[in-house]
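Examining the three-dimensional arrangement
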Amino acid sequence: MPVMQLLRGAVKHAGSGPRCSVQRVISAARGVSSSSRHFGKTHPPSCADTDHPKVLITGGLGQLGVGLAKLLRRRFGKNNVILSDIRKPPNHVYHNGPFIFSDILDYKNLREIVVNNNISWLVHYSAVLSAVGENNVALAKEVNITGLHNILDIATEHGLRLFVPSTIGAFGPSSPRDPAPELCVQRPRTIYGVSKVHAELMGEYYHHRYGLDFRCLRYPGIISADSQPGGGTTDYAVQIFHAAVKTGCFECNLRSDTRLPMMYIDDCLRATLEFLEAPAESLLSRTYNINATSFTPHDLVRELQKTLPVLKITYNVDPVLQAIADGWPMALEDGAARRDWGWKHEYDLSELVRTMLTHISTGNQLAQAY
């Protein structure tokens with residue numbers, strides 16, 4: 001979006017807003033007046049009426065958004081965290097805290113939400129995942145790339161702290177796989193992976209060019225009992241738990257020896273919060289790998305059979321999904337995250353399996369009771 005268009009919009013909103021909004025517009029205008037300065041050097045909002053950040057989560061009804069909202073609300077207060085999505089939320093989500101309709105492709109609506117709610121942190125979870133993206137490339141480009149550009153411009157204009165997750169899918173067949181370092185050849189072969197590399201580089205560019213407080217974690221496959229998979233290549237590692245408890249049988253669409261990095265959702269959400277709270281001066285990078293455990297379908301089945309010995313598994317390999325998985329890392333090297341902001345995982349494979357089975361079995365018992 002052209003700079004003057006941004007400023008015109010900012011002035012329009014600042015006319016009836018608090019004094020600090022006008023000051024930000026003046027500062028932005030000064031930045032445009034000299035070619036040696038940028039339009040949106042970001043600073044923490046100075047007119048906030050609370051010591052806590054005001055957080056907006058896009059794509060909030062996906063695998064991670066509801067869980068992160070719950071964690072952030074416990075820390076910052078229920079009304080300081082707004083979930084948003086283009087879908088109608090289930091009742092328990094709707095009544096647990098603020099929810100608002102937000103389409104990341106609607107720049108004006110998104111901008112109004114940020115301004116009207118005094119947002120200071122933006123967590124951008126809206127995305128079309130790997131398997132779905134390969135079946136609808138046009139949609140993936142629109143959501144993952146055009147939507148990202150809207151988010152970057154709005155975050156820069158309003159001085160937000162912006163978190164955008166990346167993924168193991170940002171690596172490709174020519175990347176080192178065991179483990180994948182933070183800096184290496186990436187060259188992904190899915191539109192999902194390409195869009196995530198694009199997000200990493202655009203976010204880092206906005207940080208260096210405009211001072212945007214951009215933060216990005218490359219997530220492994222995330223395993224959760226509380227939500228259904230969203231069309232990713234690692235979905236088998238969630239689906240198998242539900243099948244194991246309900247039917248005792250599971251058909252896997254990846255080869256038994258396909259090793260991929262995985263993480264239990266509690267580790268993932270805690271890592272995200274710790275990273276968001278980390279002092280900017282401690283971050284030597286803006287994009288970090290985080291790692292927990294790596295396993296194959298065979299490893300997972302053996303661990304499950306310690307509790308459910310009757311579990312039977314068959315393999316019906318999906319060539320598209322298998323090709324995607326074969327281009328992804330077996331593990332992520334995450335020494336920088338452990339050094340710079342103290343990242344440390346808590347769930348290994350055995351603890352992950354025990355926790356998932358407990359949650360799913362309890363959930364089934366509650367469902368049957370009603």
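The structure reproduced in this document is the subject of the present report. (Residues numbered from 1 in each chain as written. Predicted model: local features only at pLDDT ≥ 70, side-chain atom pairs only at ≥ 80, totals over all residues. Heavy atoms only, no water.)

**Quick word on the nonpolar core**
- Formed by 72 residues in total, the largest nonpolar core has its most connected members in Ile57, Phe241, Leu300 and Trp341.
- Leaving out residues up to four positions away in the same chain, Leu300 has contacts with Tyr236, Ala237, Ile240, Phe241, Phe295, Leu349 and Val353.
- By size, the runner-up hydrophobic cluster in this structure holds 27 residues, among which are Ile104, Tyr107, Ile154 and Cys216. (Core = buried A, V, L, I, M, F, W, Y, C linked by side-chain atoms within 4.5 Å. Buried < 20%, exposed > 50% of the residue type's maximum accessible area, 1.4 Å probe, protein only. Contact = heavy atoms within 4.5 Å.)

**Observations regarding the packing of aromatic side chains**
- Overall, the coordinates contain 12 aromatic pairs when judged by the stated rule.
- Residues Phe76 and Trp121 carry aromatic rings whose centres are separated by 5.5 Å and whose planes lie at 90° to one another, so their mutual orientation is edge-to-face. Here the residue Phe76 occupies a position in helix H3 (residues 65-76), and Trp121 occupies one in strand E4 (residues 121-124), the gap between them amounting to 45 residues. Side by side, Phe76 and Trp121 carry an identical accessibility label, which is buried.
- Relative to Tyr288, the ring of Phe275 lies with its centre 5.5 Å away and its plane at 80°, an arrangement referred to as edge-to-face. One end of the pair, Phe275, is in helix H10 (residues 265-277); the other, Tyr288, is in strand E11 (residues 287-289), with 13 residues separating them in the sequence. The pair Phe275 / Tyr288 is uniform in exposure class, with both members buried.
- Of the aromatic side chains, those joined through ring pairs into one cluster are Tyr125, Phe163, Tyr219, Phe275, Tyr288, Trp341 and Trp343. (Phe/Tyr/Trp six-rings, centres within 6.5 Å; stacked < 30°, edge-to-face > 60°. Helix = DSSP H or I, 4+ residues; strand = E, 2+ residues; numbered from the N terminus.)

**Regarding the sheet that holds strand E10 (residues 260-264)**
- In space, the three strands of this open sheet follow the order E8-E10-E12, with mixed pairing throughout. With one partner strand each, in any of the chains shown, strand E8 (221-223) and strand E12 (293-295) form the two edges of the open sheet. Mean inter-strand twist for the sheet, computed between neighbouring axes without regard to direction, equals 45°.
- Relative to E12, E10 is paired through three bridges, and the arrangement is antiparallel. Within E12, the residue paired with Leu260 across the bridge is Phe295. (Pairing = 2+ DSSP bridges. Axes fitted to C-alpha atoms, helices over the stretch in contact; angles between N-to-C directions.)

**Concerning empty space enclosed by the protein**
- Evaluated as defined, the whole model comprises one cavity of 30 Å³ or more.
- Taken as a whole, the largest cavity encloses approximately 60 Å³ of empty space.
- Around the largest cavity, the lining residues are His124, Ser126, Ala127, Val143, Asn144, Leu148, Val164, Ser195, Lys196 and Ala199.
- Of all elements in the fold, only helix H7 (137-157) and helix H8 (191-210) reach the threshold of two or more residues within the lining of the largest cavity.
- Of the residues in the lining of the largest cavity, the class split is five nonpolar, four polar and one charged. (1 Å grid on protein atoms, 1.4 Å probe; cavity = no way out; pocket = protein on both sides within 12 Å on 5 of 7 lines; lining within 4 Å. Points joined across faces, edges and corners; volume = space filled by probe spheres on them. Nonpolar A, V, L, I, M, F, W, Y, C, P; charged D, E, K, R; others polar.)

**With respect to the pairing of strand E2 (residues 81-85)**
- For E2, the buried fraction is high: five of the five residues fall into the buried class.
- Of the two faces of E2, the one carrying Val81, Leu83 and Asp85 and the one carrying Ile82 and Ser84 are both buried.
- Bridge count between strand E1 (residues 55-58) and E2: three bridges; the pairing is parallel. Its bridge partner lying in E2, Val55 is registered against Val81.
- With H3 bridging E1 and its parallel neighbour E2, the resulting β-α-β unit is right-handed.
- Note: E2 against strand E3 (residues 99-101), three bridges, orientation parallel. Bridge pairing links Leu83 to Phe99 in E3. (Right-handed = clockwise from strand over helix to strand, strands pointing away.)

None of this, on its own, says anything about what the molecule does.
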